[in-house]
Structures are given as C-alpha cells and as structure tokens.
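Structure at a glance
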Amino acid sequence: MIDIINTWQFNIICYLVGIVIFFQFYKLAVNNAKKDGAATILLQLIGGFSVLSLFPFFPIKFPSDIRVYLLLFLASIFYGLNDRLETTSRKHLEVSVFSILGQLSTVFLILVGLVVFQESFTLTKILGASLILLANFFLFYEKGSLKLNKYVLIGVLAKILFTVAVSVDIGISGQFNLPFYIMFTFLVPAMYIFFGERIKLTEIIYEYKSTSKKYYIITGVAWGLLSFFYLRSFQFGKVTTIVPIQATSVLINVLVAYFFLKEKDNSFKKIFSSILAIIGIILTVEVF
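About the cut-offs
Residues numbered from 1 in each chain as written. Predicted model: local features only at pLDDT ≥ 70, side-chain atom pairs only at ≥ 80, totals over all residues. Heavy atoms only, no water. Salt bridge = Lys/Arg side-chain N within 4 Å of Asp/Glu carboxyl O. Helix = DSSP H or I, 4+ residues; strand = E, 2+ residues; numbered from the N terminus. Buried < 20%, exposed > 50% of the residue type's maximum accessible area, 1.4 Å probe, protein only. Patch = residues over 30% accessible without salt bridge, like charges linked within 9 Å, V, L, I, M, F, W, Y side chains within 5 Å. Areas by Shrake-Rupley, 256 points an atom, 1.4 Å probe, with all protein chains shown as cover. Phe/Tyr/Trp six-rings, centres within 6.5 Å; stacked < 30°, edge-to-face > 60°. Polar contact = N/O pair within 3.5 Å; in protein donor to acceptor, adjacent residues only side chain to side chain. Contact = heavy atoms within 4.5 Å. Core = buried A, V, L, I, M, F, W, Y, C linked by side-chain atoms within 4.5 Å.

**A closer look at the pattern of salt bridges**
Scanning the entire structure with this criterion turns up seven salt bridges. In this structure, the salt-bridge partner of Arg67 is Asp65, at a minimum N-O distance of 2.9 Å. Among the ionic pairs, Glu86 bridges to Arg90, the shortest N-O distance being 3.3 Å. Taken together, the positions of Glu86 and Arg90, both in helix α4 (residues 66-92) and four residues apart, correspond to about one turn of that helix. An identical accessibility class is assigned to Glu86 and Arg90; each is buried. If you follow the salt bridges from partner to partner, you end up with Glu86, Arg90 and Lys159 in one network.

**Topic: a nonpolar patch on the surface**
Taken together, the side chains of Leu134, Phe137, Tyr141, Leu146, Leu148 and Leu153 present a nonpolar region at the surface, about 540 Å² in accessible area. Mapping Tyr141 onto the fold places it in strand β1 (residues 141-142). Note on Tyr141: relative accessible area 36%, which makes it partly exposed.

**Points about the packing of aromatic side chains**
The geometry of two aromatic rings is summed up by the distance between their centres and the angle between their planes. Counting across every chain of the model gives 26 aromatic pairs. Ring centres of Phe186 and Trp223 lie 4.9 Å apart, and the angle between their planes is 90°; this geometry places the pair in the edge-to-face category. One end of the pair, Phe186, is in helix α9 (residues 178-196); the other, Trp223, is in helix α11 (residues 213-236), with 37 residues separating them in the sequence. The buried category is assigned to Phe186, whose relative accessible area is 3%. Here the aromatic rings of Tyr258 and Phe259 are separated by 4.9 Å at their centres, their planes lie at 80°, and the arrangement is edge-to-face. Relative accessible area serves as the criterion here: at 58%, Phe259 is assigned to the exposed category.

**As for the side chain of Asn177**
Relative to the helices and strands, Asn177 resides in the loop between α8 (150-169) and α9. Among the polar contacts made by the side chain of Asn177, one reaches the main-chain carbonyl oxygen of Phe58 at a distance of 3.2 Å. Asn177 has contacts with Phe55, Phe58, Pro59, Ile60 and Lys61, leaving out every residue within four places of it along the chain.

**Observations regarding the nonpolar core**
The tendency in soluble globular proteins is for nonpolar side chains to be buried side by side. One finds Tyr15, Phe22, Val30, Leu101, Ile182, Tyr216 and Phe228 to be the most contacted residues of the largest nonpolar core, which totals 69 residues. With eleven residues, helix α2 (residues 8-30) is the single largest residue contributor to this core. Beyond its immediate chain neighbours, meaning those up to four positions away, Phe228 contacts Val51, Leu54, Phe58, Leu178 and Ile182. Counting five residues, the second-largest nonpolar core is a separate cluster that includes Leu131, Leu276, Ala277 and Leu283.

**Examining the environment of Ile132**
The residue Ile132 is located in helix α7 (residues 123-140) in this model. Taking C-alpha positions, Ile132 is 9.5 Å from Ile275, a pair spaced 143 residues apart along the chain. Residues contacting Ile132, with those up to four places away along its chain left out, are Gln103, Leu104, Thr106, Val107, Ala277, Gly280 and Ile281.

So this is what it looks like as structure tokens:
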C-alpha cells in the first residue's frame, strides 16, 4: 500500500480529484458569502489545518537559514492577496471560465523565467504561452470585441500576484516538513487578510454557520489536500510527465461544471479554449 502511495500516478490522480472538487465547491461555498474576506480566511483555516493532520507522517525538518523564512513570509503576502482576490473573482465568474483564465499564471511564470531568471528563450515556450493567450482571447471574444468585466480583470491580477509569490518561494518547500510548509502558506496569508482587511472573528463564524457550511468544509479540505498531492507528485515524477496530466484539469473542470453546475452557455467555446490551453501548457514544458 505504501508503495502505491509513494508513486506519481497515485498523487496525480488524487490531485486531479482534489482540484475538481475544489473548483466546483469553491463556487458553491462563496456564492452567497456576506463578506468575501471572511470567506477566504475560513477556507484558508480549514485548508491549513486539514493538511497539518499529515504532519506526523513526514520527516520533521526545518531550514536553519533565517532568509528562507523571510522569503516565505514575503511570498505569503502575495499568496494572501491572490487568495483574497480569487474569492471575489470566483464568486462572480463561472467555474469553467475561471479554470481557463487561471492558466494565465503559466504565461506570467514564463515571462518571469525569461526576464528575471534569464532562462533560455525557446520557440516551444513562446508558442505555448501564445496558445494560452489565444485560448483566453477566444473565450472572451464576442461580437467583435473582448468582453472583460471587472471580475475577469481581478482574476488576472490575482494570477499576477500568484506568479510573484511562486517566484519568491520557488524551491523552498523541500527544506520543510511538507504538511507544515503547506499549512504555513495557508495560515500566514489568512493572518494578513484578517488584519489587513480588519475582518472580525464574528464574520468568520457567521460564514461557517451559514447554509454553505458543508461547502466550506469540502472546499477547504480539498484545497489543503490538492496542494499536498500537487507537490508530492513532483517528488516522484518528472515535470514533463506531471504538468501535462495536471493540465487536463482545465478541461475536466469545464465538463464537470457543465453537468454539476449547469454551466451550459458557450459550451463549445469553453471546451475549445480549454483544449488550446492544455496544448499550450504542454508546449511550455517542452515535452516534444
């Protein structure tokens, strides 16, 4: 049994299940949220503590270099801003739309790699990024113009902030006990939102006691576990194998939302855009 758990196949399947549940139920959880900030914190708390339950099953290790912690705290600021903005964006956009929009983070990561980290310029990376951009252009293009509302723009901004966060703490997770590291990236951003937005404890309790309570629990637990399986899959498999399989979650979420949430408008456009995005992601890791 342990041999199965410690395989990239097991972890990637768990990730795909987790991310589909996360996307679908996130929408249900925050759809009627009274305070978006409080809803975000509640989900972060549930996600952080759920993954922390795995702490005893992994080696207890922490870095001794104080700079690692400073980078993690800095990254957590951007993770917190991303999480907070995503809640508002997800609340007002369809799951299928946000799933495709979210792939813009790959484009931003490529730009950071080329400009900041001086990575090699390759045709496949540029072509892949172009296809992801084209997928979003096709998704939002309607009657001769791009139909971009403020929630789409909020979603784009969230992905830029997420890219900054990932660029800051890249490679740090391996220096920590994995569940603790993931918990940290949930609870510290929650703390930032709590104090930065001056959220009251009663507002968080209100969201928890609302009719969406079960959706919050399902979403939070799925969030924590998918983050865990996401990182674990890379520990046992190659990037060129893992990333393309993970990318299929875009199309899966579009299809599941069609049946589960009845998101049936512009179905062909969403499916075609998701396929373009998947091909683009595959090209960015230079599988071919």
